[in-house]
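# Secondary and tertiary structure notes
Here is how the chains run, residue by residue.
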Amino acid sequence: MNPNLGLHHVLPPYMLEHLAEHGPEHLREGARADLTVDRTLRAARAVRPAARPGTAVAGDTPQAAPDRTVYDAQHRQNLPGTEVLREGGAAVADVAVTEAYDGLGATFAFWWEVFGRNSIDASGLPLDATVHYGRDYDNAFWNGEQMVFGDGDGTLFNRFTVSLDVIGHELAHGVTGAVRDLVYEGQSGALNESMSDVFGSLVKQYAAQPQQTAEQADWLIGAGLLTSSVQGVALRSMKAPGTAYDDPSLGKDPQPDSMAGYVDTTDDNGGVHINSGIPNRAFYLAATGFGGFAWEQAGRIWFGALSSPDLTTTATFAEFAAITVAQAEELFGAQARAVVLAAWNEVGVETTVELPDPDAEDALDLTETQQAGARPAGAQ
Ligand SMILES: [Zn+2]
């Protein structure tokens, strides 16, 4: 497994910071510990070289099935813990085990059935998860190798296996890391976060019984995670960024819903969990603009943009937007182009930016080779 895929906690740093300072006394220590881990790992990740683009689709795999294993940490912090459920094993009574197993399965099914992608690395990566990590642990994370879920403290947070979009979000970081490893800083970092929200939400909409259209979906990330004593409905809202929660212990959802509210900050890796509200809402607007199931058009366009050779790992919102507009036209025609264009206009993101050429030298060589090859041999 590629360790470069990195560690991603579900709870953003600004929420942990507020919790560490204003939360219930017994939860402050845990929030501080996660903040320390986040900062150490993010600093390490910032200096590594950008990964090369991976394969977008596993075209040569006729059939694929998930290979899941769920472990129980038994309230310790040793990974992976004791194996409690392996692929195809008998059902168990522990609801956290069942939710983790089903969540990994739903995420696998989404990527395979919609994009023909065999697991997050497109090569059948086994999906492992550990539940009951630590005591009253208020977080979940993907550590580059597996998912890890805390039980939550029961006061502010429920068990972290409860939200399918959170599982989908975390595993999507693995996909993004493999397809186009958007640098986790500033706008490219916010795009990385937004990709995880987009595909995390699509996993939930796709797995719902019956499946949900863009109009029916709640567009919330982490619905069900906050207990009834918290003033809020989720960690984020893609439909209405900035409105997910407003609570004495957790603070207020800081996400802007357009470029007018763009937050310039050095916190949170340059606001990766904050400004992701802007591309999140653009996706929501595109999806509802198309209508029907969001993965059928908007999802394909966004994944097409992520996979596009035109997308650099340091892409800005405007560059990514321009690529989605081009993808929309290429995949679905002029009307689709207009829908995507309108979505980005609504959130104040330019789409007319000139794209940096990621392989200017290579492209030039290719053009010359093609021109030479097109000329009949021996022609004067
Ligand atoms: Zn994330």
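Look a little higher up for the structure.
Residues numbered from 1 in each chain as written. Predicted model: local features only at pLDDT ≥ 70, side-chain atom pairs only at ≥ 80, totals over all residues. Heavy atoms only, no water.

Let's shift gears to the overall build of the protein. Regarding its fold elements, the protein presents 11 helices and 10 strands. Expressed as a percentage of its 380 residues, the buried residues of the protein come to 54%. Put simply, of all contacts in the protein between residues at least 6 apart along the chain, 64% involve residues at least 24 apart. On the protein, roughly 16,000 Å² of surface is accessible, and the fraction owed to carbon and sulfur atoms is 50%. (Helix = DSSP H or I, 4+ residues; strand = E, 2+ residues; numbered from the N terminus. Buried < 20%, exposed > 50% of the residue type's maximum accessible area, 1.4 Å probe, protein only. Contact = heavy atoms within 4.5 Å. Areas by Shrake-Rupley, 256 points an atom, 1.4 Å probe, with all protein chains shown as cover.)

We now examine the coordination of the zinc ion. Every protein donor of the zinc ion is accounted for by His-169 (NE2), His-173 (NE2) and Glu-193 (OE), and the metal-donor separations fall at 2.1 Å. All donors of the zinc ion belong to a single chain; written as a sequence motif, their spacing is H-x3-H-x19-E. Of this pair, His-169 sits in helix α4 (residues 164–179) while Glu-193 sits in helix α5 (residues 186–207), placing them 24 residues apart in sequence. Since its relative accessible area comes to 4%, His-169 is described here as buried. Given the relative accessible area of 1%, Glu-193 is considered buried. (Donors = N, O, S within 2.8 Å, 3.2 Å for Na, K, Ca; no water.)

Whether parallel or antiparallel, the strands of a sheet pair through hydrogen bonds between backbone atoms. Judged by pairing direction, the sheet is mixed, and its 6 strands sit side by side in the order β1-β5-β6-β4-β2-β3 without closing on themselves. Of all strands in the sheet, those with a lone pairing partner are β1 (8–9) and β3 (82–86), marking the two edges. The pairing of strand β2 (residues 68–72) with β3 spans 4 bridges and is antiparallel. Looking at the pairing, Val-70 lines up with Leu-85 of β3. Taken strand by strand, α4 contacts β1, β4 (127–131), β5 (140–142) and β6 (147–149), and its axis lies near 20° from that of β5. (Pairing = 2+ DSSP bridges. Axes fitted to C-alpha atoms, helices over the stretch in contact; angles between N-to-C directions.)

Two quantities define a packed helix pair, namely the angle between the helix axes and the distance between the axes. Remark: α5 packs on helix α7 (residues 277–290), axes separated minimally by 8 Å, with the N-to-C direction vectors making an angle of 40°. The hand of the α5/α7 crossing is right-handed. Contact residues: α5 offers Ala-190, Leu-191, Ser-194, Asp-197, Val-198 and Leu-202, while α7 offers Pro-279, Asn-280 and Phe-283. Residue classes in the contact of α5 with α7 are distributed as 6 nonpolar, 2 polar and 1 charged. (Left-handed = near helix turned anticlockwise from the far one by under 90°. Nonpolar A, V, L, I, M, F, W, Y, C, P; charged D, E, K, R; others polar.)

Turning to the pairing of β4, a few remarks are in order. In terms of burial, β4 is a largely internal element, 4 of the 5 residues being buried. Summarising the sheet, β4 and β6 pair through 2 bridges and their orientation is parallel. Opposite Thr-130, over in β6, you have Val-148 as the bridge partner.

What follows concerns the packing of aromatic side chains. According to the stated counting rule, one finds 22 aromatic pairs in the structure shown. Aromatic pair Tyr-206 and Trp-295: ring centres 5.0 Å apart, planes at 85°, arrangement edge-to-face. Of the two residues, Tyr-206 is situated in helix α5 and Trp-295 in the loop between α7 and α8 (298–307); the sequence distance between them amounts to 89 residues. The exposure class assigned to Tyr-206 is buried, which follows from its relative accessible area of 16%. The rings of Phe-110, Trp-111, Phe-115, Phe-199, Tyr-206, Phe-293, Trp-295 and Phe-303 are connected pair by pair, giving a single aromatic cluster. When the ring centre of Tyr-101 is taken as origin, the NZ or CZ atom of Arg-68, which lies over that ring, is 3.7 Å away. (Phe/Tyr/Trp six-rings, centres within 6.5 Å; stacked < 30°, edge-to-face > 60°. Lys NZ or Arg CZ within 6 Å of the ring centre and 35° of its normal.)

Before going further, it helps to spend a moment on the packing of α4 against α8. Closest axis-to-axis distance for the α4/α8 pair is 9 Å, and the angle between their directions is 45°. It follows that α4 is oblique to α8 by the angle criterion. Of α8, the residues touching α4 (which contributes Val-175, Thr-176 and Val-179) are Phe-303, Leu-306 and Ser-307. Looking at the contact of α4 with α8 residue by residue, the classes come out as 4 nonpolar, 2 polar and no charged. (Parallel < 35°, antiparallel > 145°, perpendicular 65-115°, else oblique.)

Moving on, we come to the side chain of Glu-170. Turning to its location among the elements, Glu-170 is positioned in helix α4. The charged side chain of Glu-170 is buried without a salt bridge, its nearest counter-charge being Arg-236 at 6.7 Å. Apart from residues lying up to four places away in sequence, Glu-170 is in contact with His-8, His-9, Val-10, Phe-141, Trp-142 and Met-147. (Lys, Arg positive; Asp, Glu negative; His and termini not counted. Salt bridge = Lys/Arg side-chain N within 4 Å of Asp/Glu carboxyl O.)

On to α7. Taking 1.5 Å of rise per residue, 14 residues should cover 20 Å, and α7 covers 20 Å from first to last C-alpha, within 8% of that figure. Within α7, 11 of the 14 residues are buried, leaving the element largely enclosed by the surrounding structure. Within α7, the full set of buried residues consists of Gly-277, Ile-278, Pro-279, Asn-280, Arg-281, Ala-282, Phe-283, Tyr-284, Ala-286, Ala-287 and Phe-290. Contacts made by the buried residues of α7 are with α5, α8, α9 (317–332) and α10 (334–346). Gly-291 sits one or two residues past α7 and shows a positive phi near 75°. (Expected span 1.5 Å × (residues − 1).)

Bringing the environment of Gln-146 into the picture now. Checked against the element boundaries, Gln-146 lands in the loop between β5 and β6. Given the relative accessible area of 8%, Gln-146 is considered buried. C-alpha separation for the pair Gln-146 and Leu-127, spaced 19 residues apart in sequence, amounts to 6.7 Å. Gln-146 has contacts with Leu-79, Pro-80, Asp-128, Ala-129, Thr-130 and Phe-141, leaving out every residue within four places of it along the chain. At 2.8 Å, the side chain of Gln-146 forms a polar contact with the side chain of Thr-130. (Polar contact = N/O pair within 3.5 Å; in protein donor to acceptor, adjacent residues only side chain to side chain.)

Let's shift gears to the nonpolar core. In this structure, Phe-110, Phe-157, Phe-199, Phe-283, Trp-302 and Trp-344 are the most contacted members of the largest nonpolar core, which totals 96 residues. No other element matches helix α3 (residues 95–115), which puts 12 residues into this core. If we ignore the near neighbours within four places in the chain, the residues touching Phe-157 are Leu-11, Met-15, Leu-19, Asp-138, Asp-151, Gly-152, Leu-225, Leu-226, Thr-227, Leu-235 and Leu-250. Counting residues in hydrophobic clusters, the runner-up holds 5 residues, among them Leu-7, Tyr-133, Tyr-137 and Phe-141. (Core = buried A, V, L, I, M, F, W, Y, C linked by side-chain atoms within 4.5 Å.)

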